[in-house]
Amino acid sequence: MSHRKFEAPRHGSKGFLPKKRAKRHRGKVKCFPKDDASKPVHMTCFMGYKAGMTHIVREMDRPGSKANKKEVVEGVTILETPPVVVIGVVGYIETPRGLRALKTVWAEHIGEEAKRRFYKNWSGSKKKAFTKSCTKWADDLGKKEIEKDLNQMKKYCTVIRVIVHTQMKILRRRQKKAHIMEVQLNGGSIGDKVNWAREHFEKEIPVTSVLAQDECIDVIGVTKGHGFKGVTSRWHTKKLPRKTHKGLRKVACIGAWHPSRIQFTVPRAGQKGYHHRTEINKKIYRIGEGYKMKDGKVIKNNAATEYDLAD
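Keep in mind that this is a model prediction, so the values were computed, not measured. (Residues numbered from 1 in each chain as written. Predicted model: local features only at pLDDT ≥ 70, side-chain atom pairs only at ≥ 80, totals over all residues. Heavy atoms only, no water.)

Colleague: Just to check I follow, could you spell out the overall build of the protein for this structure?
Modeller: Counting its secondary structure elements, the protein contains five helices and 14 strands. Over its C-alpha trace the protein gives a radius of gyration of 26 Å, far above what one expects of a compact globule, namely 19 Å for 311 residues. The principal-axis extent of the C-alpha atoms belonging to the protein is close to 85 × 60 × 50 Å. Looking at the protein as a whole, 31% of its 311 residues qualify as buried. For the protein, long-range pairs separated by at least 24 residues make up 70% of all intrachain contacts whose partners lie at least 6 apart in sequence. As displayed, the protein offers around 22500 Å² of accessible surface, 53% of which is attributable to carbon and sulfur atoms. Put simply, the protein has 68 plus and 31 minus side-chain charges, and the middle of one group is 16 Å from the middle of the other. (Helix = DSSP H or I, 4+ residues; strand = E, 2+ residues; numbered from the N terminus. Rg over C-alpha atoms; globule rule 2.2 N^0.38 Å. Buried < 20%, exposed > 50% of the residue type's maximum accessible area, 1.4 Å probe, protein only. Contact = heavy atoms within 4.5 Å. Areas by Shrake-Rupley, 256 points an atom, 1.4 Å probe, with all protein chains shown as cover. Lys, Arg positive; Asp, Glu negative; His and termini not counted. Charge placed at Lys NZ, Arg CZ, Asp CG, Glu CD.)

Colleague: It is not clear to me how the packing of helix α2 (residues 140-156) against helix α4 (residues 190-199) should be interpreted in this structure. Could you clarify?
Modeller: A pair of packed helices can be characterised by two numbers: the angle between their axes and the separation between those axes. Where α2 meets α4, the closest approach of the two axes is 8 Å, and the angle between their N-to-C directions is 145°. For the pair formed by α2 and α4, the contact residues are Glu-147, Leu-150, Met-153 and Lys-154 on the first element and Ile-190, Gly-191, Val-194, Asn-195 and Arg-198 on the second. Split by residue class, the contact of α2 with α4 holds four nonpolar, two polar and three charged. (Axes fitted to C-alpha atoms, helices over the stretch in contact; angles between N-to-C directions. Nonpolar A, V, L, I, M, F, W, Y, C, P; charged D, E, K, R; others polar.)

Colleague: Just checking my understanding: could you explain the pattern of salt bridges for this structure?
Modeller: Pairing between side chains becomes possible if they bear opposite charge and their charged atoms approach one another. Scanning all chains against the criterion turns up ten salt bridges. With a closest N to O distance of 2.9 Å, Arg-116 and Glu-112 form a salt bridge. A residue pair is termed a helical-turn pair when its members lie 3 or 4 positions apart in one helix, as Arg-116 and Glu-112 do in helix α1 (residues 112-116) at four residues. When its relative accessible area of 17% is taken as the criterion, Arg-116 is described as buried. The partner of Glu-279 in a salt bridge is Lys-282, and the shortest N-O contact between them spans 3.2 Å. According to the relative accessible area criterion, Glu-279 is partly exposed, its value standing at 45%. (Salt bridge = Lys/Arg side-chain N within 4 Å of Asp/Glu carboxyl O.)

Purely spatial values, then, with no claim about function.
Quick look at the structure:
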């Protein structure tokens, strides 16, 4: 019988299988934080765009570590987070099969960038989205219907989420189509949550009202795509010796004779990157204010620290 020459732990985690391309490019929140009714009503997440990276120098406070009380250089990511706009609210009821949306109420005015999301070709379309639903806000009968829906949410729903969209016109990117997302409201009673959503229709929510400095957060997104890759790059398996016939960036044995099938645990070539991932415990070192006016002058270097020598 054959045997392996060296024992070794497996390469790569099986927790991330299947390694396939993400369905959506915008990250999806699979689990919102637990609700605490004693706190005031607040949004639980925020959308941002990666602008780039830089590094910081900080003094490490980790007793027992060699680097304790020493300065360390760390890489940090810079995210651009223009204020999001609330355009709707959804109420969910609990069923034996999970949550079910009971009612959705949309705001009266929905921005063009949000409407673009509902069209493949905006310029060639008739732009009829939400033209009929916004007439509800104009007459008394429609307003009564909206109030009825909101009251039903207060009576029956257990989870309230607001529909928000990003503001692409502030971002100054090529894309004009906004990203739309449901964000859960936590804190307060169900009535408080519905009232909060109703009051914030068509209003901007800045990132400072959701996240704070020195807070630890989870970041959700889709990783950088690398296309179809072999086992050495995709699973980090050992390269075979130089003289190997028919290539050396391979897996030498992909399984025993019996069972006469390839097991799913064996590393194979395939898609690498463009996977949906959640990274936990990221610390917010700084929330800058962006370009702002001060004494009639535009201040651009608000991301600089007191120790910055570049000015």
